[in-house]
Amino acid sequence: MSRARPPPLVTGISPKEGPAWTKVTIRGENLGTGPTDLIGLSICGHNCMLTAEWMSASKIVCRVGPAKDDKGEIIVTTKSGGLGTSTVSFKLLRPERIGILEQSAVWVDEVNYDMRTNRNKGISPFSLRPSNPLGVEMDKSKVPLKDLEQIFPGMSGDFTSENFSASWYLIENHAGSSFEQLKVAANNLKKQASKKNEGSMAYVKGGLSTFFEAQDALAAIHQRLESDGTEKVEGSMTQRLENILNRASDTADTLFQEVLGRKDKADSTRNALNVLQRFKFLFNLPLNIERNIQKGDYDVVINDYEKAKSLFGNTEVAVFKKVYAEVETRIEALRNLLLEKLLQTPSTLHDQKRYIRYLSDLHAPGDPAWQCIYAQHNWILQLMQNCRDEFISGKRVGVGALDLEGDTRLAALGRLGHSASLKRGGSLRSARPSTWRSETPQQVQFVEKLSDVVIGQLPNFWKLWISYVNGSLFSETGEKSGHVEKSKKNARQRQNDFKKMIEELTNRLVKLIRGALLPTTLPQGELNVYGGWEDKTELTGAWFTQIIHTVRGCHEALSTLEIPNDLLQVIQDLLLELRVHCVMVTLLHTAEDVKRLAEKEDWVVDNEGITSLPSKFEHCMIQMLQSLKEPLEIKPGEINVLQLEQVQDKATELSVSIMKVFINCLEQLSTKADEDFYVSHNISVDLSSPDRYSSIQEGFIPTSEQRLLIILSNCQYLERRTFLNLADHFEKHGLTGTEKINRVSVDAVRGLDSKLFEAYIERRADPIAGSLEPGMYAGYFDWRDCQAPTGVRNYLKEALVNIIAVHAEVFTVSKDLVPRVLSRIVESVADEMCRLMQCVSSFSKNGALQARLELCALRDAMAAYLNADSNASFKQALDSLPQLQSGADKKLLEELLNKFKSSMQLQLTCFQPSNVQPVKR
């Protein structure tokens, strides 16, 4: 099983050698994720966990214990990485033990000496009690204390108690220890006992020689004094010794009296000069302070003040007190001046740090750094609110009081050099034309200006706090001092207050933007403060895209400052709502744009019979999808808006509605009355195609039937190409519900196609079929009494000519529609001919031959467009006729058919199969 982190590695220790209890700093890699992750630390084989202080994953501070080995490795053990290794070692120095009163060339740590003033007082046994007498790792038992008291009545687990029970102690502290560990513990107890005895004996043995020497010296002195006598008589040893010492003292005084005199005189002269210099400095100090303040040399003022304070701060001389009081008055005025400058806005971070250091050096009351942070916070809030008020009141016409595009703006952009939104141009906003401000909606200008305010001011505000936290406000080098430690302490106490400030700033930013763009998301009570944009221009999806780009840039700028993500979450939430709103607004506006496409129909068809309308529709949809690219883009920390179920359903619903709107446009164009129909462009066709023939002349306005054909052709193109292309684009841009959109769109366009096709067939087929019966019986024609047939009668030729006219009309618009339309017309004509033939009660021989001639002529002429229904109708009609009995009749029928085909060869050429394309459905 692999660990979550690599094992610890110690790469350095400082210092590298020293005696026991030396404080060392250990550096390395993977030294733990926190204090609780550090479970083992040994130096030269000695466990140093009791003194270990985990600082970071690369630093640990501890004290070296009295290890057995003189030199050894530093081994760190963590929960996450296990047992570590070391590339360095520590050398343990073992200095000889030196008594308290003996001279030594090095410092001796007195921690091991008994420093009690009253040595007769005994030491409490609790102070000598070892924390772990067995010397092995303790494993606390989970056995309740009540159960132990019942098992061992009257006993105790405290080894200092008279009723100490070893079993109780082992159950309580070493319940999980193995037998091998208990054996090691027993050996440890034996060693401790032997060391205690050996230490006492060794101390006594080592001091025997000194004791005997002192005893011999005292005995010799005692004997000599007894021999000389104890009285102070002339010539005694003590008297002679006293005389010698007195003479030595007198000689020393004589030798050094002159030297000491000169020294005393020099000291007096030096002291007098120093006093004079002090007087001159003090009396000139008030005037010097005033001059240096005017020059701005605050460092000189502070240095002089510190010097005067050290010299005359506690003086009792009246004149000195008076002058020093005037100095304090000037310094107090300077404190007020510096505090006023510190709280002035706007101000650079460099000046703020400088004034804070001056006030700190002058021992200003309170916490100037926090006062500055508080003032900056209120100023930024006011800037943001003023920005909104200016736009609402209409005073915002150009560059105003809130244009903060100076050094702070450039610095903010410099920090964004690596962000994706600024790589394209180094700014949150691309270059604008000169008319940009007059063309851009007020809400867009407001969001960009508000973003500029935040990006321009919040970085310095955050850096000021960081300097306050790490103490660099008072020391550029990071040296520890009273000011630094005090600053760090204050920062820890005010951490929550600053977090609330950042939250207030980000919430204010979000609420101001919501008030301008998403007022319905604000509570009613906040609309008066952040709303007021009702009379402004309604924004399109393109403007919302630009706003999203701006807000994203603002979020990225704040993220580079390492502001915690939880404080910026409100901006992420705002971005999510803006992206969703942008998608919905774009889809709604696209529906409006598609609805107006009907006005742009010019009825100009290409070689495929398609006008520009489907292409314009497809182009409009692709533009819409491209405009959604940025709102749908997923930046770090963002979610895919299309993964939200409500957004998916709404986007799919709106996309389907756009498709239906376009199909409704087509239907409206097909049903528009001729008197309401007006086009600025005539229908035109590509005459360069050899397959085209058009009788449409200049100035021709399309008839309702021609409009039906053009829209039918467009419907086929939509189903065949446009919808498939759009489905690919939907999937490419990540929109969900593509299958549903395509299915509903195809069903709708097929429904329209069927409706328009039936309308066209009704307009063209019914007149042709309706003219058959009158033409057939013109001139009181009777099937039972007619002359021998001489050819196809005119009514049938007229019907064919009408079908040819329909063919020309359809062919002019779309060659692909010809088979579909003519098949239905032929089907209608065949059905009508079948009905007419079946209605005849009887045929004469000539009548039957005439009827068969006309049916065969019609069938053969339209053979290319016969379908199953029309074939069945012709068969039924022929079956209802009497059969030809003689070969002469059959021959006559064939001759007449050939004659018909020959006479109408030119007209029937359009029905040749070579000129017909299959139906593309």
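## What about the overall build of the protein chain?
- Broken down by element type, the protein chain carries 30 helices and 11 strands.
- In the protein chain, of all internal contacts separated by at least 6 residues, the share reaching a separation of at least 24 is 73%.
- Here the protein chain has roughly 51,900 Å² of accessible surface; of this, 52% comes from carbon and sulfur atoms.

## A short note on the side chain of Arg-579
- Relative to the helices and strands, Arg-579 is located in helix α19 (residues 565-595).
- Ignoring anything within four residues of it in the chain, the contact list for Arg-579 reads Ile-548, Arg-552, Pro-631, Leu-632, Glu-633, Ile-634, Glu-638, Ile-639, Asn-640 and Val-641.

## Considering the pattern of salt bridges
- Counting across every chain of the model gives 28 salt bridges.
- Residue Glu-332 pairs with Arg-335 through a salt bridge whose shortest N-O separation is 2.7 Å. One end of the pair, Glu-332, and the other, Arg-335, are both in helix α8 (residues 318-343), three residues apart, so they sit about a helical turn from each other.
- For Glu-332, a relative accessible area of 35% puts it in the partly exposed group.
- Notably, a salt bridge pairs Asp-367 with Arg-494, separated by 2.5 Å at the nearest N-O pair. With a gap of 127 residues between them, Asp-367 in the loop between α9 (349-361) and α10 (368-393) and Arg-494 in the loop between α15 (482-493) and α16 (495-517) connect regions that are remote in the sequence.
- By relative accessible area, Asp-367 is classed as buried at 13%.

## Examining the packing of aromatic side chains
- By the definition in use, this model includes 10 aromatic pairs.
- Ring geometry for Trp-465 versus Phe-498: centroids 4.3 Å apart, planes at 5 degrees, classification stacked. Here Phe-498 lies in helix α16 and Trp-465 lies in helix α14 (residues 442-470), a separation of 33 residues in the sequence.
- Each member of the aromatic cluster is reached from another via a ring pair, and the members are Trp-370, Phe-461, Trp-462, Trp-465 and Phe-498.
- For Arg-793, the ring lying beneath its charged end belongs to Phe-781, and the centroid distance is 3.8 Å.
- The ring of Phe-757 carries Arg-820 above its face, with NZ or CZ at 4.0 Å from the centroid.

## A look at the pairing of strand β6 (residues 53-56)
- Bridge count for β6 against strand β7 (residues 59-63) is three bridges, and the pairing is antiparallel. Across the sheet, Trp-54 pairs through a bridge with Ile-60, a residue of β7.

## Quick word on helix α29 (residues 887-903)
- Across its 17 residues, α29 extends 24 Å between first and last C-alpha, which sits within 8% of the 24 Å expected from 1.5 Å per residue.
- Those residues of α29 not exposed but buried are Asp-889, Leu-893, Leu-896, Leu-897 and Phe-900. Projected onto a plane normal to the axis of α29, the buried residues spread over an arc of 105 degrees and lie on a single side. Residues of α29 that are exposed and angled more than 90 degrees away from the buried face: Gly-887, Ala-888, Lys-891, Glu-894, Lys-899 and Ser-902.
- Of the surrounding elements, those touching the buried residues of α29 are α25 (794-813), α27 (845-861) and α30 (905-908).

## Let's talk about a nonpolar patch on the surface
- The grouping of Leu-255, Phe-256, Val-259 and Leu-260 at the surface amounts to a nonpolar patch, some 410 Å² of accessible area in total.
- Locating Phe-256 in the fold gives a position in helix α6 (residues 237-295).

## Thoughts on helix α24 (residues 738-776)
- Between its terminal C-alpha atoms α24 stretches 56 Å, which fits the 57 Å expected from 39 residues at 1.5 Å a residue.
- The principal kink in α24, of about 30 degrees, is found at Ala-765, preceding the proline Pro-767 by one to four residues.

## Things to note about the packing of α25 against α27
- Taken N-terminus to C-terminus, the directions of α25 and α27 make an angle of 15 degrees; their axes are 11 Å apart at the nearest point. Taken together, the axes of α25 and α27 are roughly parallel relative to one another. Relative to α27, α25 is oriented so that their crossing is right-handed. Judged by residue contacts, Tyr-795, Leu-796 and Leu-800 of α25 engage Glu-854, Ala-857, Leu-858 and Ala-861 from α27.
- Class assignment for the residues of the contact of α25 with α27 results in six nonpolar, no polar and one charged.

## Observations regarding unusual backbone geometry
- For the bond running from Ser-14 to Pro-15, omega is -5 degrees, close enough to zero to count as cis.
- Assignment of secondary structure puts Pro-15 in the loop between β1 (9-14) and β2 (17-18).
- The phi dihedral of Trp-21 falls on the positive side, at around 70 degrees, and the residue is not glycine.
- Tracing the sequence through the fold places Trp-21 in the loop between β2 and β3 (23-29).

## Some words on the environment of Leu-708
- In this fold, Leu-708 is placed in helix α23 (residues 704-732).
- Spatially, the C-alpha atom of Leu-708 lies 8.2 Å from that of Ala-759, the residues being 51 residues apart in sequence.
- In contact with Leu-708, not counting residues within four places along its chain, are Ser-670, Leu-756, Ala-759, Tyr-760 and Arg-763.

## Quick notes on the nonpolar core
- The biggest cluster of nonpolar side chains holds 108 residues, and the ones touching the most others in it are Phe-617, Val-821, Ile-825, Met-833, Met-837 and Phe-911.
- Not counting the four nearest positions on each side in its chain, Met-833 is found in contact with Leu-772, Met-776, Tyr-795, Leu-855, Leu-858 and Ala-877.
- In terms of nonpolar packing, the next biggest core, distinct from the first, is built from 84 residues, Ile-289, Tyr-298, Phe-320 and Leu-381 among them.

## Some details on the confidence of the model for the protein chain
- Per-residue confidence for the protein chain averages 78 on the pLDDT scale, and 81% of its residues sit at or above 70.
- Segment residues 397-437: pLDDT under 50, and 69 contacts once partners within four positions in sequence are set aside and those in other chains are kept.
- Scored below 50 in pLDDT, residues 915-921 makes 19 contacts in the model with residues more than four places away or belonging to other chains.

## Side note on the sheet that holds β6
- Spatially, the five strands line up as an open sheet ordered β6-β7-β3-β1-β10, and their pairing is mixed. Of all the strands in the sheet, the pair left with one neighbour each is β6 and β10 (85-86).
- Pairing between β1 and β10: two bridges, direction parallel. Looking at the pairing, Val-10 lines up with Ser-86 of β10.

## A look at the pairing of β1
- Pairing geometry for β1 and β3, over five bridges, is antiparallel. When the sheet's bridge partners are listed, Gly-12 is paired in β3 with Arg-27.

## Comments concerning the packing of helix α22 (residues 645-671) against α24
- Where α22 contacts α24, the axes come no closer than 9 Å and their chain directions differ by 15 degrees. In this view, α22 runs roughly parallel relative to α24, as classed from their interaxial angle. Seen from above, α22 lies across α24 with right-handed handedness. Taking contact as the criterion, the partners of Thr-652, Ser-655, Val-656, Met-659, Lys-660, Ile-663, Leu-666, Glu-667 and Ser-670 in α22 are, on α24, Lys-740, Ile-741, Val-744, Ser-745, Ala-748, Val-749, Leu-752, Lys-755 and Leu-756.
- Counted by class, the contact of α22 with α24 contains 10 nonpolar, four polar and four charged residues.

## Description of the environment of Thr-22
- Along the chain, Thr-22 turns up in the loop between β2 and β3.
- In the structure, Thr-22 is positioned 70 residues away from Leu-92 in sequence and 9.2 Å away in space, judged by C-alpha atoms.
- When near neighbours in sequence (up to four residues on either side) are disregarded, Thr-22 contacts Pro-15, Cys-62, Arg-63 and Val-64.
- Side-chain polar atoms of Thr-22 contact the backbone oxygen of Pro-19, separated by 2.5 Å.

## A word on a negative patch on the surface
- Side chains of Asp-297, Asp-299, Glu-306 and Asp-361 sit close together on the surface and give a patch of like negative charge.
- As for its position among the elements, Glu-306 is in helix α7 (residues 298-312).
- Glu-306 gets classed as partly exposed once you look at its relative accessible area, which sits at 32%.

## What to know about the side chain of Glu-854
- Looking at where Glu-854 falls in the secondary structure, it is placed in helix α27.
- Glu-854 sits in the buried class, given a relative accessible area of 0%.
- In terms of polar contacts, Glu-854 uses its side chain to reach the side chain of Gln-850, at 3.0 Å.
- When near neighbours in sequence (up to four residues on either side) are disregarded, Glu-854 contacts Trp-783, Val-792, Arg-793, Tyr-795 and Leu-796.

What counts, and at which threshold
- Residues numbered from 1 in each chain as written.
- Predicted model: local features only at pLDDT ≥ 70, side-chain atom pairs only at ≥ 80, totals over all residues.
- Heavy atoms only, no water.
- Helix = DSSP H or I, 4+ residues; strand = E, 2+ residues; numbered from the N terminus.
- Contact = heavy atoms within 4.5 Å.
- Areas by Shrake-Rupley, 256 points an atom, 1.4 Å probe, with all protein chains shown as cover.
- Salt bridge = Lys/Arg side-chain N within 4 Å of Asp/Glu carboxyl O.
- Buried < 20%, exposed > 50% of the residue type's maximum accessible area, 1.4 Å probe, protein only.
- Phe/Tyr/Trp six-rings, centres within 6.5 Å; stacked < 30°, edge-to-face > 60°.
- Lys NZ or Arg CZ within 6 Å of the ring centre and 35° of its normal.
- Pairing = 2+ DSSP bridges.
- Expected span 1.5 Å × (residues − 1).
- Arc of directions from axis to C-beta.
- Patch = residues over 30% accessible without salt bridge, like charges linked within 9 Å, V, L, I, M, F, W, Y side chains within 5 Å.
- Bend = angle between axes of the 7 residues up to and from the residue.
- Axes fitted to C-alpha atoms, helices over the stretch in contact; angles between N-to-C directions.
- Parallel < 35°, antiparallel > 145°, perpendicular 65-115°, else oblique.
- Left-handed = near helix turned anticlockwise from the far one by under 90°.
- Nonpolar A, V, L, I, M, F, W, Y, C, P; charged D, E, K, R; others polar.
- Core = buried A, V, L, I, M, F, W, Y, C linked by side-chain atoms within 4.5 Å.
- pLDDT = per-residue confidence, 0-100.
- Polar contact = N/O pair within 3.5 Å; in protein donor to acceptor, adjacent residues only side chain to side chain.
- Lys, Arg positive; Asp, Glu negative; His and termini not counted.
- Charge placed at Lys NZ, Arg CZ, Asp CG, Glu CD.

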